[in-house]
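# Structural description and commentary
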Amino acid sequence: MTAEIRVELAQRITFATHQCDVPVIADLVISNPSDTDLENLELQLRSEPPVIGERTWIIDRIRAQSEHRIHDRRISLAGSLLDSLTERMRADVKLVLRREEEVLAEHTHSLIALARNEWGGADFMPELLAAFVMPNDPAVQRLLKEAARILESSGKANRLDGYQSRSRKRSWEIVSGIWAAVVRRGLTYAEPPASFERQGQKIRFPSMIEEHGLATCLDTALLFAAAIEQAGLYPVVVFTQGHAFAGAWLQPQWLPSLTVEDPMEIRKAV
């Protein structure tokens, strides 16, 4: 081969990747280590199975002993296929650089297409966990109705009005009502897979939890987060080794970024 393809491509994709428009290619570089210029080039990307749409880039010239970085790295994902997956599936993504019919370089990258309800873990897609918080699930509406009744029966206002009262005490009351409503569901704890916080797991959506009465710690954390958000408060999902749990800001604050690795940020907030 007279050229080299270097690519940083996602190791896992899911339907949430498609819906949240998360970039799949982080970097794509073509290098020309030869002593002559390369001209009239075509770089083609395709995957098998076709979880990623085909893409072709036309490159006029790469000078000798230099490299060309492709800045437009947008590629389409097969949303309908990803939406239909019930189990993970391996796909091979192949990049081929040609000059007319001559192949100058090839690169193959394997990735995993996850099931629709599967989160890929903090090692691969930490920010996409937010896509599994579903405040509009009908089961969340029923849960909040129960929380309002609990608040009323205990002599508190039954409004789920978020931060409108500008009272930390009121925020605490709302979260307490949600907690009591979840406890009344009598959920059975399901053991999560090993290292789920890093490698991910399939997620039970709120309606599935309501129907079957089973949930892992991550399932319930996301259920709490969905109810907290729908009640007008800001939720947080926290991971420790082997465990996940949810919290809520008692006043309208937030962490400095979508995902935070430093536990001191949480400790300071508490």
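This one's a predicted model, so the numbers in the text were calculated from it and none came from an experiment.

## Observations regarding the sheet that holds strand S1 (residues 4-9)
The strands that make up a sheet are held in pairs by hydrogen bonds between backbone atoms, and each pair lies either parallel or antiparallel. As summarised here, the arrangement of the 3 strands in space is S1-S3-S6, forming an open sheet in which the pairing is antiparallel. Among the strands making up the open sheet, the edge pair consists of S1 and strand S6 (66-69). Ignoring strand direction, the axes of neighbouring strands in this sheet form an average angle of 20°. In terms of strand pairing, strand S3 (residues 25-32) meets S6 through 4 bridges, oriented antiparallel. The residue of S6 that forms the bridge with Ser31 is Glu67.

## As for the sheet that holds strand S8 (residues 102-113)
Strand order in the open sheet formed by 5 strands is S2-S8-S7-S4-S5, with mixed pairing between adjacent strands. Strands with a single pairing partner mark the edges of an open sheet, and in this sheet they are strand S2 (12-13) and strand S5 (55-62). Judged from the 2 bridges that link them, S2 and S8 form a sheet pairing that is parallel. Of the residues in S8, the one forming a bridge with Arg12 is Ile112.

## Details of empty space enclosed by the protein
The method is simple in principle: a probe with the dimensions of a water molecule rolls over the atoms, and the space it marks as empty is what remains. Taken as a whole, this structure holds 1 cavity of 30 Å³ or more when the rule is applied. Taken as a whole, the largest cavity holds about 80 Å³ of empty space. For the largest cavity, the full set of lining residues is Ala139, Leu143, Arg185, Leu187, Pro206, Ile209, Glu210 and Leu223. Those elements that provide at least two residues to the lining of the largest cavity are helix H3 (138-153) and helix H6 (206-212). With 3 residues, the top contributor of residues to the lining of the largest cavity is H6. Here the lining of the largest cavity is composed, by residue class, of 6 nonpolar, no polar and 2 charged.

Thresholds, definitions, all that
- Residues numbered from 1 in each chain as written.
- Predicted model: local features only at pLDDT ≥ 70, side-chain atom pairs only at ≥ 80, totals over all residues.
- Heavy atoms only, no water.
- Pairing = 2+ DSSP bridges.
- Helix = DSSP H or I, 4+ residues; strand = E, 2+ residues; numbered from the N terminus.
- Axes fitted to C-alpha atoms, helices over the stretch in contact; angles between N-to-C directions.
- 1 Å grid on protein atoms, 1.4 Å probe; cavity = no way out; pocket = protein on both sides within 12 Å on 5 of 7 lines; lining within 4 Å.
- Points joined across faces, edges and corners; volume = space filled by probe spheres on them.
- Nonpolar A, V, L, I, M, F, W, Y, C, P; charged D, E, K, R; others polar.

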